[in-house]
Amino acid sequence: MGKQTKRKHHKHKKYSLPVAGSSPGQIYIDENALKPVIKLYKYSADHYEVKELSSLNNVAQIVSDKNFTFWIEIKGYDSLAMFETLSADFNVNKLVLEDITRTYQRPKFEEYGSYDFAISRMLHFDESKDLDNVQVSFLLTDNTLFTLQESYEDCLEPIRARLKGGKGNIRIAGSSYLMYALMDIIVDTYFVILGAWGEDLDTIEDRLFDKPDKSVMFDTQIIKRNLIGIRRVVWPERDKLNDILRSDSPLITEQTKLYIKDAYDHCIQIIDVVESLKEISISNLDMYLSMISNRMNEIMKVLTIISSIFIPLTFIAGIYGMNFAIQDPVTGKLLPKNMPELYAAHGYLYTMIGMGIIAIAQIIYFWRKGWFK
Amino acid sequence: MGKQTKRKHHKHKKYSLPVAGSSPGQIYIDENALKPVIKLYKYSADHYEVKELSSLNNVAQIVSDKNFTFWIEIKGYDSLAMFETLSADFNVNKLVLEDITRTYQRPKFEEYGSYDFAISRMLHFDESKDLDNVQVSFLLTDNTLFTLQESYEDCLEPIRARLKGGKGNIRIAGSSYLMYALMDIIVDTYFVILGAWGEDLDTIEDRLFDKPDKSVMFDTQIIKRNLIGIRRVVWPERDKLNDILRSDSPLITEQTKLYIKDAYDHCIQIIDVVESLKEISISNLDMYLSMISNRMNEIMKVLTIISSIFIPLTFIAGIYGMNFAIQDPVTGKLLPKNMPELYAAHGYLYTMIGMGIIAIAQIIYFWRKGWFK
Amino acid sequence: MGKQTKRKHHKHKKYSLPVAGSSPGQIYIDENALKPVIKLYKYSADHYEVKELSSLNNVAQIVSDKNFTFWIEIKGYDSLAMFETLSADFNVNKLVLEDITRTYQRPKFEEYGSYDFAISRMLHFDESKDLDNVQVSFLLTDNTLFTLQESYEDCLEPIRARLKGGKGNIRIAGSSYLMYALMDIIVDTYFVILGAWGEDLDTIEDRLFDKPDKSVMFDTQIIKRNLIGIRRVVWPERDKLNDILRSDSPLITEQTKLYIKDAYDHCIQIIDVVESLKEISISNLDMYLSMISNRMNEIMKVLTIISSIFIPLTFIAGIYGMNFAIQDPVTGKLLPKNMPELYAAHGYLYTMIGMGIIAIAQIIYFWRKGWFK
Amino acid sequence: MGKQTKRKHHKHKKYSLPVAGSSPGQIYIDENALKPVIKLYKYSADHYEVKELSSLNNVAQIVSDKNFTFWIEIKGYDSLAMFETLSADFNVNKLVLEDITRTYQRPKFEEYGSYDFAISRMLHFDESKDLDNVQVSFLLTDNTLFTLQESYEDCLEPIRARLKGGKGNIRIAGSSYLMYALMDIIVDTYFVILGAWGEDLDTIEDRLFDKPDKSVMFDTQIIKRNLIGIRRVVWPERDKLNDILRSDSPLITEQTKLYIKDAYDHCIQIIDVVESLKEISISNLDMYLSMISNRMNEIMKVLTIISSIFIPLTFIAGIYGMNFAIQDPVTGKLLPKNMPELYAAHGYLYTMIGMGIIAIAQIIYFWRKGWFK
Amino acid sequence: MGKQTKRKHHKHKKYSLPVAGSSPGQIYIDENALKPVIKLYKYSADHYEVKELSSLNNVAQIVSDKNFTFWIEIKGYDSLAMFETLSADFNVNKLVLEDITRTYQRPKFEEYGSYDFAISRMLHFDESKDLDNVQVSFLLTDNTLFTLQESYEDCLEPIRARLKGGKGNIRIAGSSYLMYALMDIIVDTYFVILGAWGEDLDTIEDRLFDKPDKSVMFDTQIIKRNLIGIRRVVWPERDKLNDILRSDSPLITEQTKLYIKDAYDHCIQIIDVVESLKEISISNLDMYLSMISNRMNEIMKVLTIISSIFIPLTFIAGIYGMNFAIQDPVTGKLLPKNMPELYAAHGYLYTMIGMGIIAIAQIIYFWRKGWFK
């Protein structure tokens, strides 16, 4: 496993942290902000049209036609004027605009009388297989839904298809149902991501059983962290959905709430899956650690068996390699016979037999201790 | 322990994850869905009959006879028409039908006016000793209970026997009592499973004391994960039973609630057992880990004792194996007597005695340190 | 420490698990059930008598005398008739009878109008020093208390003595006070058990400091598990006492509640002690683990010091044991003087000095590193 | 670090555990109980006197003078009569007297109409630097405060000084303020103890960086346990102060409650400090453990480097120490020249160069692996 | 990494712990207290002036002009008179003054009728890059805000700039908005600190992958502790902001509460970041530990491979270095040919080939075991 993969989790989204001390309620336009692309979806049970707008200037007038439901989809934030139009024409609070443009917000739902404000976090794998974490902001009025996101890519295509196809509730159930549908697909996409990680964990586990090496640990740690990351999205998402369920906002229809309850159940199941994958990754790490210890034991056993058998034997060989003499080299006197074994008949044979017995005794000893298993 | 066993926990139920972006409230028919088998149980205090139905078409009419209680048991989901009949004739909400057919739901209880909807998760060992996790859905009306499950196998036979036998409350206490009886047997089956795992843990623990090896860890981890899995079923099950207890639904009789309270108590005891087995498995893993460390210590002690004794002795033998000469081989001059020990009388004997003393000193040293224990 | 002790915690109480699918409210008579022994205590401020009954047949009539308080003590469950009498004469719910005879219930308190039902779990060391965990069930009416337990042994003797002695409130404060007194002694017995375990932990800790070996871990794990076990008894016990405190049951006098509050405080202190002993046992295990690591370090230091000193020296000795010749054995030509050190005057002496310097340098090195401490 | 220190935490307060089965509400006089020393403080804004009483007999009469506030300080419990006077003259509940004399109670606050009852736990280092954990019981009536403690030593001197000095509120704010002042000093003393432990932890940490040895672990474990011990005092203390804050007792003035709020804040800060010290001690233990592992690595590196370099070299030396002959000793026939290296010119030199190359190659290899760092 | 860095976390703020037993409500002037520097900011929509005051004597009169909003900024506490003026002229409670001067308080908010009292903890890196933790106390009346801090340095300059610039709400929204603005900048500064730590963790993680050594652990532990420290500030900060949100104080305008809600959201995000960084640091420590174990494995593998190969070979060489003779040196008798291998033709060659085979067999064995990977 190459370094590239190991470091994948380094690719943090660079949060646009608040500049301490700046006025609250300030719209934040990042220097890398993208040019806004604005699409207007106008639909009713038997009508559907999309057009691209160059600005929000006439939108207030367009959406005053209560016979239709409108979805204003805004991507890219490089236009202060656009946000000022939102503030002027739709009376959107400055603090809300700050929350929209500072895209590190947690999922939340807030009521502001004439409109409701909500944030979802859209996670999806982008083209280069990295995980994007995009803030989608919702502004809901009686017949219009604004969605705002900083970047162009999204995972909302199926909703557009349903809107175009016109099947099911989507064209007739109003703007709050559209908001639900978008939130729901964002939540359901979490399942896709968790599914991918679950499969990664399965693969890692296979490697754990077959050939545990360092990469098992690194890869599991990356998934564990990703899970911690998604957890920080899912728990507030659950709270947000619950807030919508319990809200009295007239902009959310009772029928929509029934569906929101469904999304809420999905969210709880996602939390279940996240916790469960986290437990699995922790258990993988634990197993990895005890397999390292195990392997150390095995390595040490090899060393100990070989050393224990051969070091004493080598010592014996060393004994009989000593040069104790029986004649004083200077005086030429014969000394008492040092090391008589050397001069015994069959000394070598008996020595070899002795060594063999020692070796076999040790092998039996280690065998009994179960070291060969 | 073979690979087969190790990987048992890989056999996840393949969840039918929601396809992100599909319309909510869509009935999901899996491509491997089984042909539905529908059984109708019609009973009262003194009446009992079972028949197999080919469809739900006439059921609405059949169950309109309020003198009897009906149990419609549906297994296998490969019939869109069947679900549409449920929707048309019994006014069952589309979201409920989606929950029934997407069989990865958590246990829950919901009231829909004319009927109550509940989900249990039935865990049981199937014929090949694998653990199945089957969703059983309940639709309860005043005199009728529908149960729906995707697969054919179940653990409900004892209820059918009691129904047929007609002893106890079961024939006279109405449809809500029947729902209780089924839920109760599902909960009680958890005990059976936990009992099996408890025995496994006991066996593992015996191995831990006798011959701890890697399989101890693998097997314990599998049980630990299974416990984590069952926990994710039991906690929402407890919440579900509590929801039923606190509900005002007119479809649940007071008498049934008394019994539900009993099932709720069982559920709490199961949670107790699960937590306790989990503690035991964690404690087994901890013991395993410290036994590995212990064993490493023992291995190292053997190596160290043998090396410490023989390496210095070998060194001494090496000394006296050196070939320092006393005569210059070129000039033939006698040199000062290098290594006079070699030419001393009894040099060998004294050396051996010296070596013996060193060895004994070391043995005493290690003995005192308690390394031989 | 022998195997016997290690496995003590294997001696689980064999729970009489519910047979999945049996009718609820069924009295369960175990095949090893003991013959019932029934004692009747009849007392008032100035009266006290005990007699043994052969059955419960006349009890309903006996206890109708409201001038006295009665304690019916039942031990041993081998009589279906007995339970049926309870059901018939005292209107005891079938589910209650099931809870009494399935003796794996958690402590609880339930009101049934004409009587209250409560469960305590009595822990006590039996004659063979094993820990028994016995379910004691209470049925409380206005002037009568039934206690039921499966086995004969108990720890309630002091209450009988107080009843006989007649000192204090016990004879005049009614049946609910008697129930309190019994529950209180059961709770107080937990202190005795915890005291024994606390002393065990102290002993283990002494061994930990003196001679830590594997038994330290095993023994601590056993105590830790026992603590987990008692915890599962004490927490619901606390809830039970709290339920009694908050109950409106007319059968529990206000005065009794004052005393129950006292027992509740004891229970909280027991929880304190349990948690504290658990912390101590965990800390012992941690210390044990780090002492193993420490010991490994010490073992390795010995090995490394000895090896590092002697292996290089042995190498040098090996060098001078080589047989490089200065004369070609075939041609008899003199070769350039290979290994001139061997033929140098005092070569051996200088070699020995060199070796000594190497050894001393290494000893100083290791000393500086603090390896000799 | 000597054994004495290591075992400091063995010095448990011997709890006077309840004798299971004794009557509730029984006054418990320990056999080692101290003779009671009773002091009466009588004071008002401009009056202050202290006298020692031999018994409580006249106290009821003395304190009936409502112009003064009284503090009856009782130390030592060896007088059953004293407690009976409390019961008779001040109507103190028997259960309260049991709680006073069984000195293992948790901090608590209870209202009994004519008086309030509270318990604090006074921790202070006694003369021999051991930590004492003393129960101080408070009985509060409208103009009188009884404090009762088993032993003589305390940490309340500053309050007596303030009482004598007469500065601040203490003489004019009544008996509940006096109770507050005493509770507050007891709580503030916890800071002193935590400060001492904090410094100990700092010292330990210095040792951890300089010379980590086993004592680091033992000492940290002792502090960790002490922290666990104080935690069991501080949390119920917080609850107690909160109970006083929320109580409607007419005996506690509103002004006193304002001060109690202050003590409550201190208590929360103490909890903060306790948790923080606990985290530090856990982090110290973690660091100690990983330093052991690190050290093991270093030890093993030394061993491996030395062994890897010299074992192969010794082998080579061993090769050339072999005695393969070129002449059959029996027949005297010349054999093919075994080991021609031995008879080569400069064989020794080349061998030494070869060995040097092997050694240097290995050193470079280990250097590259970073083992010398 | 130098020692300096390692010990950075030793630089605890020396808390001015309460002296146990001192009167409550006592103003605490530290002996190192700084001379107070008092600045008066007087402003309205179209007016702005700052002047430095020598004392608080006339402030009560100055701030009686309700046409302006006033900010009295006090730094340095070495003036008892100043606090007494606060008490006399503004009726500030003695306990509040104690809380202001004992600068170890947790963030809190309290209402006292004519004024509100709040505490924030300002964390910022001072000139020497150390982290300062300064208590800032707020006293809020209808048109005046007092801020008090012990030291001179702060991070509030942007607010002064906004006040001077006069843009946004700050000059017109009254004293409670000013309090919000100051609290908000203090909270936002936490982001800056967390950002710095986050980058440190990234750097550490790079080192972990490249060259894990002890400093990785030390540095991570320091950050972990800092995180624990900031956590103890952020959680009560959150509670404080929530208390302000829920308070009925007339001094806090509804508009300000809207902004406080925003600061509250920031605070929750900070908690998120803190928890997330803590998880990362724990995961780093875990990885570090398992990398140590891994490295140990690698070290041991090198040792074992080298030893296992060469120790047996050395033994064989030792065998053929033995000096078994074939002639009795005393009698001169020929003995049976000991060690005939030595005299065999090509004995050396065969021996070398044998050794080679042994070595290659071992290398294959270790290769198969994956030890060379």
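Model, not experiment: these values are computed from the prediction.

Enquirer: How would you explain the UniProt feature "transmembrane region" (unreviewed entry) in chain A if you had to name every residue and give the values?
Expert: All names here are of chain A. Those places that UniProt annotates as "transmembrane region" (unreviewed entry) correspond, in this numbering, to residues 302-327 and 347-367. Taken end to end, residues 302-327 is 69% helix and 0% strand, and its first and last C-alpha atoms sit 45 Å apart. Across residues 347-367 one finds 100% helix and 0% strand; the C-alpha atoms that close the span lie 30 Å apart.

Enquirer: Could you give me a rundown of the environment of Gly354 of chain E, with the residues and numbers involved?
Expert: Residues and elements named next belong to chain E. By the element assignment, Gly354 lies in helix 9 (residues 347-368). With a relative accessible area of 27%, Gly354 lands in the partly exposed category. Separated by 106 residues in sequence, Gly354 and Asp248 place their C-alpha atoms 94 Å apart.

Enquirer: So, the domain arrangement of chain A: which residues are in play, and what are the values?
Expert: Residues and elements named next belong to chain A. Considered domain by domain, chain A is made up of domain 1 (37-290) and domain 2 (291-368). Relative to domain 2, the C-alpha centre of domain 1 lies at a distance of 76 Å. Contact residues are listed per partner, giving six residues for domain 1 and five residues for domain 2. Summing both sides of the interface, domain 1 and domain 2 together bury roughly 510 Å²; the carbon and sulfur share of this comes to 50%. If you sort the residues of domain 1 by the area they bury against domain 2, Pro212, Tyr288 and Ser290 come out on top, with a joint share of 68%. Linking domain 1 with domain 2 are zero salt bridges, by the criterion used here. Connecting domain 1 to domain 2 are nine residue pairs in polar contact (both at pLDDT 80 or more). For the side of domain 1 that touches domain 2, the element with the most residues is helix 8 (residues 254-319), which contributes four residues. For the side of domain 1 that touches domain 2, the residue count by class is five nonpolar, one polar and no charged.

Enquirer: Kindly report on the packing of aromatic side chains, identifying the contributing residues and their values.
Expert: Between two aromatic rings, the relevant description is the distance of the centres plus the angle of the planes. Taken as a whole, this structure holds 75 aromatic pairs over all chains when the rule is applied. Both rings, one in Tyr41 of chain B and one in Trp71 of chain B, keep their centres 4.6 Å apart while their planes meet at 20 degrees; by these two values the pair is stacked. Linking Tyr41 of chain B in strand 1 (residues 37-44) with Trp71 of chain B in strand 3 (residues 69-75), this pair joins segments that are 30 residues apart in sequence. Neither Tyr41 of chain B nor Trp71 of chain B differs from the other in exposure class; each is buried. Each member of the aromatic cluster is reached from another via a ring pair, and the members are Tyr177, Tyr180 and Tyr259 of chain A. A cation over an aromatic ring shows up here: Lys42 of chain C above the ring of Phe68 of chain C, its NZ or CZ 4.6 Å from the ring centre.

Enquirer: So, the interface of chain B and chain A: which residues are in play, and what are the values?
Expert: On the chain A side, the residues contacting the 69 residues of chain B number 69 residues. Counting the surface lost from both chain B and chain A, the interface buries some 6000 Å², and carbon and sulfur atoms represent 63% of this. When the buried surface of chain B facing chain A is broken down by residue, Arg225, Ile299 and Tyr348 of chain B rank first, second and third, together holding 12% of it. Counting the contacts that link chain B with chain A gives five salt bridges. Residue Arg106 of chain B is joined to Asp272 of chain A by a salt bridge in which the shortest nitrogen-to-oxygen separation is 2.9 Å. Where chain B touches chain A, the interface holds 19 residue pairs in polar contact (both at pLDDT 80 or more). Looking at the side of chain B that touches chain A, the elements with two or more residues in it are helix 1 (3-6), helix 4 (94-101), strand 4 (108-111), helix 7 (214-246), helix 8 (254-319) and helix 9 (347-368) of chain B. Considering each element in turn, the side of chain B that touches chain A owes the most residues, 18 residues, to helix 8 of chain B. For the side of chain B that touches chain A, the class distribution of residues is 34 nonpolar, 16 polar and 19 charged.

What counts, and where the lines are drawn
Residues numbered from 1 in each chain as written. Chains lettered and ligands numbered in written order. Predicted model: local features only at pLDDT ≥ 70, side-chain atom pairs only at ≥ 80, totals over all residues. Heavy atoms only, no water. UniProt positions renumbered as here; feature names shortened; annotations may be inferred. Helix = DSSP H or I, 4+ residues; strand = E, 2+ residues; numbered from the N terminus. Buried < 20%, exposed > 50% of the residue type's maximum accessible area, 1.4 Å probe, protein only. Domains from an automatic or database assignment. Contact = heavy atoms within 4.5 Å. Buried area = accessible area lost by both parts, 1.4 Å probe. Salt bridge = Lys/Arg side-chain N within 4 Å of Asp/Glu carboxyl O. Polar contact = N/O pair within 3.5 Å; in protein donor to acceptor, adjacent residues only side chain to side chain. Nonpolar A, V, L, I, M, F, W, Y, C, P; charged D, E, K, R; others polar. Phe/Tyr/Trp six-rings, centres within 6.5 Å; stacked < 30°, edge-to-face > 60°. Lys NZ or Arg CZ within 6 Å of the ring centre and 35° of its normal.

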